[in-house]
2 protein chains.
Amino acid sequence: MFCGLSAFPLTPVNETGINEKAFVTLIQQLVAAGVDSIGALGSTGNYAYLNREERLRVLRLAVHSAEGIPVMISISAIRTSEVLRLAEDAQRAGASAVLLAPISYQTLTNDEVFLLYEQVTNSLSIPLCVYDNPSTSHFHFSDELHGRIAELPNVSSIKIPGVPSDPEAAKTRIRKLRTAIPPHVTIGVSGDSFAVTGLNAGCEAWYSVLGGLFPNVCLKMTRLAQAGFADEAKRLSALLEPIWTLFHQYGSLRVISAAAEISGLISSPSLPLPLQPLNQLAREHLEFILKDIQTTETSCSPFG
Amino acid sequence: MFCGLSAFPLTPVNETGINEKAFVTLIQQLVAAGVDSIGALGSTGNYAYLNREERLRVLRLAVHSAEGIPVMISISAIRTSEVLRLAEDAQRAGASAVLLAPISYQTLTNDEVFLLYEQVTNSLSIPLCVYDNPSTSHFHFSDELHGRIAELPNVSSIKIPGVPSDPEAAKTRIRKLRTAIPPHVTIGVSGDSFAVTGLNAGCEAWYSVLGGLFPNVCLKMTRLAQAGFADEAKRLSALLEPIWTLFHQYGSLRVISAAAEISGLISSPSLPLPLQPLNQLAREHLEFILKDIQTTETSCSPFG
């Protein structure tokens, strides 16, 4: 399950609660498209803004609606004891894998992060994906630490925060990380604008924000790259450049929640305070570029 | 209450729970020393590792043991709705003030941070101190944003993360921030190694980690600086250089928890996982330098 397109859907949340119906609709879209796996409650899934009960509820909805597509779920929390409780919930509710970032309040040392992964993987009976996301966790993994953690039982993949934009530099980066980790551990790229470069450079998976809302176009890019059509995959990614730019300017979460609202899939607001929706000017620009993306999405659909 | 020494005690926590008895002992030390205020459940108070019920319990213990010394409490949380609940708890349990940092998962914009403070201060009937701590919140306040927030009702102080080590540069820094905020809002320095430089530069308060364990020496430094004895205050701070160095190397929380353990005030471990205790080598060095600090502490005590 740690290869191909892993789609990370939004969990629509506001001050009145979780919009469960809309969340299920998003999952059903992913099922219809046939994504390789679903990453529920990732950063885009707003896991950090939900309590344990809410996270369990969202997980159950995801597993129930996924029709057999493997569901990976974030169990990240500031305190180890809470991570362990979330791991137990995940396993009991039928998650196929867990995703763990070393989020923290006090800055963690390398040893503290290693011991966290050691303790959690020891308690797991399902695979774990290491979530390397310095923009939210503020922790920077060295390849040496990735190597130590990747040797732990149940570690099956690493979600990396991106690759250099130059294709050769990206290949060098992936080759270097690959030498540090065992062969059974896959590398998955995130940061959607880097995805095709990452896949072309040898990443086995794409952990995708856009794929959570527009799975068909993201699947098409993934399949092209997997089949060795590097240039065709790049051309498709280049068509999406306007949305990558918005992701960089406003954060992918604010953009994808606005895109889902504009598409009529969810109601507004769809983010928990203190997060504010995309500002009006950016939203108007998004409305404009979304038409092209929707056309591309439809043309990439197996039913389109 | 936003002037002088505000002592931030440790909340001893491990996998078996909060060591309430030890926490009360720490508060009683601060009362005996006569600190100007107590900052319970700050970063050193491990607030980020405790749930709402635990935070309320610690607050009640602090208020009950403080014998009238004002208690300020952190209400920081990732989600606004939780901050509002914690604010209500704080007011009901008798806190004299609240401390709020814009901690986050997704990177916050300036407007999101302003709106958070606006919403929270609107709901408050006690003063608020803005907690500017980029090393844990990863948010960087501009002076312009400090100015906007400081105009909100109930904002009474700003806890800044430090000042330049050069005394003249520190004065320039404080003067610049002062021009951005209303005169009734005090500026309190944190980052203990900067404290005397900050107080000498015109900060009205010192929000202190060391003061939570060694209040007498910190009170002495504060009183000297307040009375204009800048050089004497600097000399006393220079005596503590070995512990400032350890704070910088290992984080003040790990050092202060080890110091409290070595002093016999709390049992070990006193930090929640994934935080690990100070490593053995650093602990031995701390044991060595602690003797001098304890001697200084005793000599600064009104009973010493």
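This one's a predicted model, so the numbers in the text were calculated from it and none came from an experiment. (Residues numbered from 1 in each chain as written. Chains lettered and ligands numbered in written order. Predicted model: local features only at pLDDT ≥ 70, side-chain atom pairs only at ≥ 80, totals over all residues. Heavy atoms only, no water.)

Examining the sheet that holds strand β10 (residues 205-208) of chain B
All names here are of chain B.
- Strand order in the closed barrel formed by eight strands is β1-β4-β5-β6-β7-β8-β9-β10, with parallel pairing between adjacent strands. If you compare each strand with its neighbour and ignore which way they point, the axes differ by 25° on average.
- As defined by bridge partners, strand β4 (residues 37-40) adjoins strand β5 (residues 71-74) across three bridges and the pair is classed as parallel. Its bridge partner being in β5, Ile-38 is matched across the sheet by Val-71.
- Packing of helix α4 (residues 110-122) onto the sheet brings it into contact with β6 (97-100), β7 (128-131) and β8 (155-160), and relative to β7 it is tilted by some 160°.
- Against the sheet, helix α7 (residues 167-180) touches β8 and β9 (186-189), its axis set at about 145° to β9. (Pairing = 2+ DSSP bridges. Helix = DSSP H or I, 4+ residues; strand = E, 2+ residues; numbered from the N terminus. Axes fitted to C-alpha atoms, helices over the stretch in contact; angles between N-to-C directions. Contact = heavy atoms within 4.5 Å.)

Points about the relation of the copies chain A and chain B
- In the superposition of chain A on chain B (RMSD 0.0 Å, axial shift 0.0 Å), the rotation amounts to 180°. Both copies of the chain, as the preceding transformation shows, are related through a two-fold rotation axis. Minimal C-alpha distance to the rotation axis in chain A is attained by A:His138, lying at 4.0 Å.
- Same-surface contact between copies: 100% of interface residues of chain A are shared with the interface of chain B. (Least-squares fit on C-alpha atoms with pLDDT ≥ 70 in both.)

Quick look at the pattern of salt bridges
All names here are of chain A.
- Applying the stated criterion across every chain, the model contains 26 salt bridges over all chains.
- For the salt bridge of Glu-88 with Arg-92, the shortest nitrogen-to-oxygen distance reads 2.9 Å. Of the two residues, Glu-88 and Arg-92 both sit in helix α3 (residues 80-92), four residues apart, roughly one turn of that helix.
- Through salt bridges with shared partners, a single network forms among Asp-143, Arg-173 and Lys-176. (Salt bridge = Lys/Arg side-chain N within 4 Å of Asp/Glu carboxyl O.)

Remarks on the sheet that holds strand β5 (residues 71-74) of chain A
Residues and elements named next belong to chain A.
- Ordered in space as β1-β4-β5-β6-β7-β8-β9-β10, the eight strands form a closed barrel in which the pairing is parallel. Shown here is a sheet whose adjacent strand axes are inclined to one another by a mean of 25°, direction ignored.
- Strand direction decides the pairing type here: strand β1 (residues 4-7) and strand β4 (residues 37-40), joined by two bridges, are parallel. When the bridges of β4 are listed, Ser-6 appears paired with Ser-37.
- Contacts from helix α7 (residues 167-180) reach β8 (155-160) and β9 (186-189) within the one sheet, and its direction differs from that of β9 by about 145°.

Comments concerning the UniProt feature "binding site: pyruvate" (unreviewed entry) in chain A
- Sites flagged by UniProt as "binding site: pyruvate" (unreviewed entry) map to A:Thr44.
- With residues near it in sequence (within four places) discarded, A:Thr44 still touches A:Phe8, A:Pro9, A:Leu10, A:Thr11, A:Val209, A:Leu253 and A:Ile256. (UniProt positions renumbered as here; feature names shortened; annotations may be inferred.)

Notes on the layout of surface pockets
- Its boundaries defined by the atoms lining it, the largest pocket holds a volume of some 1,200 Å³.
- When residues of the lining of the largest pocket are traced back to their parent elements, those giving at least two are α2 (52-65) and α3 of chain A together with α2 (52-65) and α3 (80-92) of chain B.
- Residue classes in the lining of the largest pocket are distributed as 16 nonpolar, nine polar and 15 charged.
- Lining of the second largest pocket is provided by 36 residues; of these, A:Gln106, B:Phe247, B:Gly251, B:Ser252 and B:Leu253 occupy positions nearest its centre.
- The set of elements that each furnish at least two residues to the lining of the second largest pocket consists of α4 (110-122) of chain A together with α5 (134-137), α11 (241-250) and α12 (252-262) of chain B.
- Among the elements that take part in the lining of the second largest pocket, α11(B) stands out by supplying five residues, more than any other.
- Here the lining of the second largest pocket is composed, by residue class, of 13 nonpolar, 18 polar and five charged. (1 Å grid on protein atoms, 1.4 Å probe; cavity = no way out; pocket = protein on both sides within 12 Å on 5 of 7 lines; lining within 4 Å. Points joined across faces, edges and corners; volume = space filled by probe spheres on them. Nonpolar A, V, L, I, M, F, W, Y, C, P; charged D, E, K, R; others polar.)

Things to note about the packing of α11(B) against helix α13 (residues 280-300) of chain B
Residues and elements named next belong to chain B.
- Two elements in contact, α11 and α13, have axes separated by 10 Å at closest approach and are oriented at 150°. Classified by the angle between their axes, α11 and α13 sit roughly antiparallel to one another. As for how α11 packs across α13, the hand of that crossing is left-handed. Taken together, the residues of α13 that come into contact with α11 (itself represented by Pro-242, Ile-243, Leu-246 and Tyr-250) are Ala-282, His-285, Leu-286, Ile-289, Leu-290 and Ile-293. (Parallel < 35°, antiparallel > 145°, perpendicular 65-115°, else oblique. Left-handed = near helix turned anticlockwise from the far one by under 90°.)

Some thoughts on the pairing of β4(B)
- On β4(B), burial covers both faces: B:Ser37 and B:Gly39 on one face and B:Ile38 and B:Ala40 on the other are all buried.
- Handedness of the β-α-β unit built from β4(B), α2(B) and β5(B) comes out right-handed. (Buried < 20%, exposed > 50% of the residue type's maximum accessible area, 1.4 Å probe, protein only. Right-handed = clockwise from strand over helix to strand, strands pointing away.)

What to know about the packing of aromatic side chains
- The full count for this structure, using the stated rule, is ten aromatic pairs over all chains.
- On the basis of an interplanar angle of 70° and a centroid distance of 5.0 Å, the ring pair of A:Tyr47 and B:Tyr105 is categorised as edge-to-face. On the criterion of chain membership, the pair formed by A:Tyr47 in the loop between β4 and α2 and B:Tyr105 in the loop between β6 and α4 is interchain, its members lying in two chains. As far as burial versus exposure is concerned, A:Tyr47 and B:Tyr105 are alike and both buried.
- Each residue in the set A:Tyr117, A:Phe139 and A:Phe141 is aromatic and connected to the rest through ring pairs, giving one cluster.
- Here the guanidinium or amino end of A:Lys159 rests over the ring plane of A:Phe8, the centre of that ring lying 5.4 Å away.
- The residue whose ring lies beneath B:Arg148 is B:Phe114, and the NZ or CZ to ring-centre distance is 4.2 Å. (Phe/Tyr/Trp six-rings, centres within 6.5 Å; stacked < 30°, edge-to-face > 60°. Lys NZ or Arg CZ within 6 Å of the ring centre and 35° of its normal.)

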